[in-house]
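# Coordinate inspection notes
The lines below spell out each chain.
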Amino acid sequence: PAVTSPCKILKCNSEFWAATSGSHHLGAEEAPEFCTALRAYAHCTRRTARTCRGDLAYHSAVHGIDDLMMQHNCSKDGPTSQPRLRTLPPGDSQERSDSPEICHYEKSFHKHSATPNYTHCGLFGDPHLRTFTDTFQTCKVQGAWPLIDNNYLNVQVTNTPVLPGSTATATSKLTIIFKSFQECVDQKVYQAEMDELPAAFADGSKNGGDKHGANSLKITEKVSGQHIEIQAKYIGTTIVVRQVGRYLTFAVRMPEEVVNAVEDRDSQGLYLCLRGCPLNQQIDFQTIRSAQATEGRARRKGPSLPAPPEAFTYETAMAKCREKLPVEDLYFQSCVFDLLTTGDVNFMLAAYYAFEDVKMLHSNKDKLHLYERTRDLAPGNTAPSGTLPVLWVVLLCLSQCWLCLL
């Protein structure tokens, strides 16, 4: 079974948000109910404290509870039931429509210039990575890895084995940290893991906090427990997180200017969405795809591993993937690869939704489909398929011309 964290802080956050949804403009008569929900929230965090000691979301929640208790003059003693508080009338919410211009990327950063160039990065399946430069890779990357790390936000994923003893991994945890930005947003942490896809930040809020431009960062739940979208207008960024089956997928649309906004240029090589997976973590997709076609299942390089499930043959996997992905591009090939290595049909849906996110987020509609795995050649790597035969023909022609001259 896949590793899952015993820390239940996300459950505490979700329960508190459900109890207090729309309650940020409470009247005096509702303050006691808000305090009751806060005490229940504090009690929930105490119950999970032992297993959450190293969890960033947990510590953020604890500090947030203390701050809210002081703001609302709540006593730590009292009832801890969680009544559902009255929601606000339609049209009234914690969102502010008068956000300053600096909190809208396209209005502030590019007021007198052309529309910014947007880029896309996505991670899905076992896991397959599409970088900001449209490089497509299949990687191992077991454990925690940074996806994005710039001046505005940090995204980290944790990949765990799909099957015991296998090198097939998938994303089981995702942490996104939006850094505090001028008068727009406070620092916010979003964390999701298997069977926990919250529709709120770790502190229970759904927007950028108490600053004047809080509305420039907000979470929208598209499908409960399956699909959320985060809009960060102050940096022109859209993030989509899904839970498909037991695992998570990630997709982002971000301006190039934000992608490259780092103080230390050397650190850019550390995160996957920009530089891709390290060479020693990449899987030779074309070689394995060929093995799938000839042997009926994928085999990875390295020591002998347990055989993958036999639920799909190469032909049945192809047929299944065509149901959702009729174009045989790299998303289709990734689907076939994942069905053969995991036997889990949810990986077909992960590839399908990853491509749907590309259609929504990618700014260049001519680059939606990718057909050849792109991997930079390094010393010791072989040349791309087809290069050596062409070179041989050229050399042969030159030698014939030389003989004619003689």
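See the structure above.
What comes next is a walk through the structure. (Residues numbered from 1 in each chain as written. Predicted model: local features only at pLDDT ≥ 70, side-chain atom pairs only at ≥ 80, totals over all residues. Heavy atoms only, no water.)

## Some details on the state of the cysteines
As a reminder of what qualifies: Throughout, disulfides are identified as pairs of cysteine sulfur atoms within 2.5 Å of each other. By definition, any uninterrupted DSSP run of H or I lasting at least four residues is a helix, any uninterrupted run of E lasting at least two residues is a strand, and each is numbered from the N terminus. When a residue's accessible area, from a 1.4 Å probe over protein chains only, is under 20% of the maximum for its type it is buried; when over 50% it is exposed; and in between it is partly exposed.
Under the definition given, this model contains 7 disulfides. Disulfide pairing is shown between Cys 35 and Cys 74; the S-S distance is 2.0 Å. Between Cys 35 and Cys 74, the S-S torsion sits near -75 degrees, and that sign places the bridge as left-handed. With Cys 35 in helix α2 (residues 31–47) and Cys 74 in the loop between α3 (56–71) and α4 (105–108), this residue pair connects regions lying 39 residues apart in the sequence. Of the two residues, Cys 35 and Cys 74, both sit in the buried class.

## Concerning the pattern of salt bridges
Let me state the cut-off plainly: For salt bridges, the criterion is a side-chain nitrogen of Lys or Arg within 4 Å of an Asp or Glu carboxyl oxygen.
On inspection of all chains with the given rule, the structure shows 7 salt bridges. With its nearest N and O atoms 3.0 Å apart, the salt bridge here joins Asp 134 to Arg 130. Taken individually, Asp 134 and Arg 130 each receive the classification buried, so the pair is uniform in this respect. With its nearest N and O atoms 2.8 Å apart, the salt bridge here joins Glu 356 to Lys 359. One end of the pair, Glu 356, and the other, Lys 359, are both in helix α10 (residues 346–361), 3 residues apart, so they sit about a helical turn from each other. Judged by its relative accessible area of 36%, Lys 359 falls in the partly exposed class.

## Description of the packing of helix α9 (residues 330–342) against α10
Quick reminder of the rule: For helices, the fitted line uses only the C-alpha atoms of the stretch in contact; every axis is such a line through C-alpha atoms, and the angle between N-to-C directions lies from 0 to 180 degrees. Here roughly perpendicular refers to angles of 65 to 115 degrees, roughly parallel to angles under 35, roughly antiparallel to angles over 145, and oblique to all remaining angles. A crossing counts as left-handed when the near helix is turned anticlockwise from the far one by less than a right angle, and as right-handed when that turn is clockwise. We call two residues in contact when some of their heavy atoms are within 4.5 Å. Classification convention: Asp, Glu, Lys, Arg as charged; Ala, Val, Leu, Ile, Met, Phe, Trp, Tyr, Cys, Pro as nonpolar; all other residues, Gly among them, as polar.
One can describe the packing of α9 onto α10 by two numbers: an axis separation of 8 Å at closest approach and a directional angle of 160 degrees. By the criterion of interaxial angle, the relationship of α9 to α10 is roughly antiparallel. Every pair of crossing elements has a handedness; the one defined by α9 and α10 is right-handed. Every residue of α10 that contacts α9 at Tyr 331, Cys 335, Asp 338, Leu 339 and Thr 342 is listed here: Phe 347, Met 348, Ala 351, Ala 354, Phe 355 and Val 358. Across the contact of α9 with α10, the residue classes break down as 9 nonpolar, 1 polar and 1 charged.

## Concerning the pairing of strand β10 (residues 237–244)
Selection rule: One requirement defines pairing of two strands: DSSP has to find at least two bridges between them.
Taken across its 8 residues, β10 has 8 buried, putting it largely inside the fold. Burial along β10 is two-sided: Thr 237, Ile 239, Val 241 and Gln 243 facing one way and Thr 238, Val 240, Arg 242 and Val 244 facing the other are all buried. Where strand β9 (residues 227–232) lies against β10, 6 bridges are found, and the strand directions are antiparallel. From the neighbouring strand, Ala 232 faces β10, where its bridge partner is Thr 237. Counting the residues between successive antiparallel strands, the hairpin from β9 to β10 contains 4 residues, one of them, Gly 236, with a positive phi of roughly 60 degrees. Summarising the sheet, β10 and strand β11 (residues 247–255) pair through 7 bridges and their orientation is antiparallel.

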